[in-house]
Amino acid sequence: MSRSSETCRSNCPINFVLETFGDRWTLLIIRDLMFKGKRTYGEFLESDEKISTNILANRLKRLEAHEIIVKAVAPDNRSKLYYSFTDKGRDLLPIMLEITAWSAKHDNATNTPRSFLKMFEGSRAEMMTAILSKLD
């Protein structure tokens, strides 16, 4: 189901993003999948923020409906589902990097690794290539 702003309150690009992601849980799932290598429902549940099972299930369905992630049966365990990004989901990488860098700049208590900031400031293209290679 491909979405466009035609189904939203307005055709504003910011509104489209808000209606697609809408809450903190969705971006935290994207963070975990993109940067922390989490791929399964159980792994997402182990995140520090302690998402509830019903919210996690809802947000994963939403991300699938918006064609940001896909789920597939794990090749090594037919009873386990793995989540991965679509091309549309991978396109979120520059945005997620910018959000992380902005937060690190303005949050004195950030847990953003210095190595991340150094690489982000020095070679964003190499950083993006490295992260994208791990998403495949």
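Below is a summary of the structure that appears in this document. These numbers come from a predicted model, not from an experiment.

Rules behind the numbers
Residues numbered from 1 in each chain as written. Predicted model: local features only at pLDDT ≥ 70, side-chain atom pairs only at ≥ 80, totals over all residues. Heavy atoms only, no water. Helix = DSSP H or I, 4+ residues; strand = E, 2+ residues; numbered from the N terminus. Rg over C-alpha atoms; globule rule 2.2 N^0.38 Å. Buried < 20%, exposed > 50% of the residue type's maximum accessible area, 1.4 Å probe, protein only. Contact = heavy atoms within 4.5 Å. Areas by Shrake-Rupley, 256 points an atom, 1.4 Å probe, with all protein chains shown as cover. Lys, Arg positive; Asp, Glu negative; His and termini not counted. Charge placed at Lys NZ, Arg CZ, Asp CG, Glu CD. Expected span 1.5 Å × (residues − 1). Pairing = 2+ DSSP bridges. Core = buried A, V, L, I, M, F, W, Y, C linked by side-chain atoms within 4.5 Å. Polar contact = N/O pair within 3.5 Å; in protein donor to acceptor, adjacent residues only side chain to side chain. Axes fitted to C-alpha atoms, helices over the stretch in contact; angles between N-to-C directions. Parallel < 35°, antiparallel > 145°, perpendicular 65-115°, else oblique. Nonpolar A, V, L, I, M, F, W, Y, C, P; charged D, E, K, R; others polar. Arc of directions from axis to C-beta. Phe/Tyr/Trp six-rings, centres within 6.5 Å; stacked < 30°, edge-to-face > 60°. Lys NZ or Arg CZ within 6 Å of the ring centre and 35° of its normal.

This part covers the overall build of the chain. Looking only at helices and strands, the chain features eight helices and two strands. Secondary structure elements of the chain, listed N to C terminal, follow the sequence α-α-α-α-β-β-α-α-α-α. Rg of the C-alpha trace for the chain: 16 Å, near the compact-globule value of 14 Å for 136 residues, within the 12% margin. Based on the C-alpha atoms only, the size of the chain along its principal axes is roughly 45 × 40 × 30 Å. Per-residue burial over the chain gives 35% buried out of 136 residues. Nonlocal contacts in the chain, meaning residues at least 24 apart in sequence, comprise 46% of its contacts between residues at least 6 apart. Surface summary for the chain: the accessible area is close to 8,700 Å², and the carbon and sulfur share equals 55%. The positive charge centre, built from 21 side chains, and the negative charge centre, built from 18, are 3 Å apart in the chain.

The terminal C-alpha atoms of helix α2 (residues 24-35) lie 16 Å apart, and with twelve residues this matches the ideal 16 Å at 1.5 Å per residue to within 8%. Taken across its twelve residues, α2 has nine buried, putting it largely inside the fold. For α2, every residue scored as buried is listed here: W25, T26, L28, I29, I30, R31, D32, L33 and M34. At the exit of α2 stands G37, carrying a positive phi of roughly 70°.

Bridge count between strand β1 (residues 69-74) and strand β2 (residues 77-85): six bridges; the pairing is antiparallel. The residue bridging I69 from the neighbouring strand is F85, located in β2. A loop of two residues connects β1 with β2, the two strands running antiparallel in sequence.

Once that is clear, we can look at the nonpolar core. Counting 28 residues, the largest nonpolar core has I30, M34, I69 and F85 as the members making the most contacts within it. Mapped by element, the contributors of at least two residues to this core are α2, α4 (53-65), β2, α6 (93-106), α7 (114-122) and α8 (124-135). Considering each element in turn, this core owes the most residues, six residues, to α2. Excluding its chain neighbours within four sequence positions, the residues that come into contact with M34 are F85, G89, L92, L93, M96, I131 and L135.

Considering the arrangement of structural elements, one finds D32 in helix α2. Of the polar contacts made by the side chain of D32, one reaches the side chain of R31; its length is 2.8 Å. When sequence neighbours within four positions are dropped, the list of residues in contact with D32 reads G37, K38, F44 and S47.

Our focus in this paragraph is the packing of α7 against α8. Between α7 and α8, the shortest axis-to-axis distance is 6 Å and the interhelical angle comes to 120°. Overall, the two elements α7 and α8 adopt an arrangement that is oblique. Along its contact with α7, which presents F116, M119, F120 and G122, the element α8 presents R124, E126 and M127. Per-class residue counts for the contact of α7 with α8 are four nonpolar, one polar and two charged.

For α8, spanning twelve residues, the distance from its first C-alpha to its last is 17 Å, which sits close to the expected 16 Å at 1.5 Å a residue. By the burial criterion, the buried members of α8 are M127, I131 and L135. Mapping the buried residues of α8 onto a view down its axis gives an arc of 75°, with all of them on the same face. The exposed set on the far side of α8, more than 90 degrees from its buried face, consists of A125, E126 and T129. In the core, the buried residues of α8 are packed alongside α2, β2, α5 (87-90), α6 and α7.

With the rule as written, the count across this model stands at two aromatic pairs. Against the face of W25 rests R24, its NZ or CZ located 4.4 Å from the ring centre.

That's the geometry; what it means functionally is another story.
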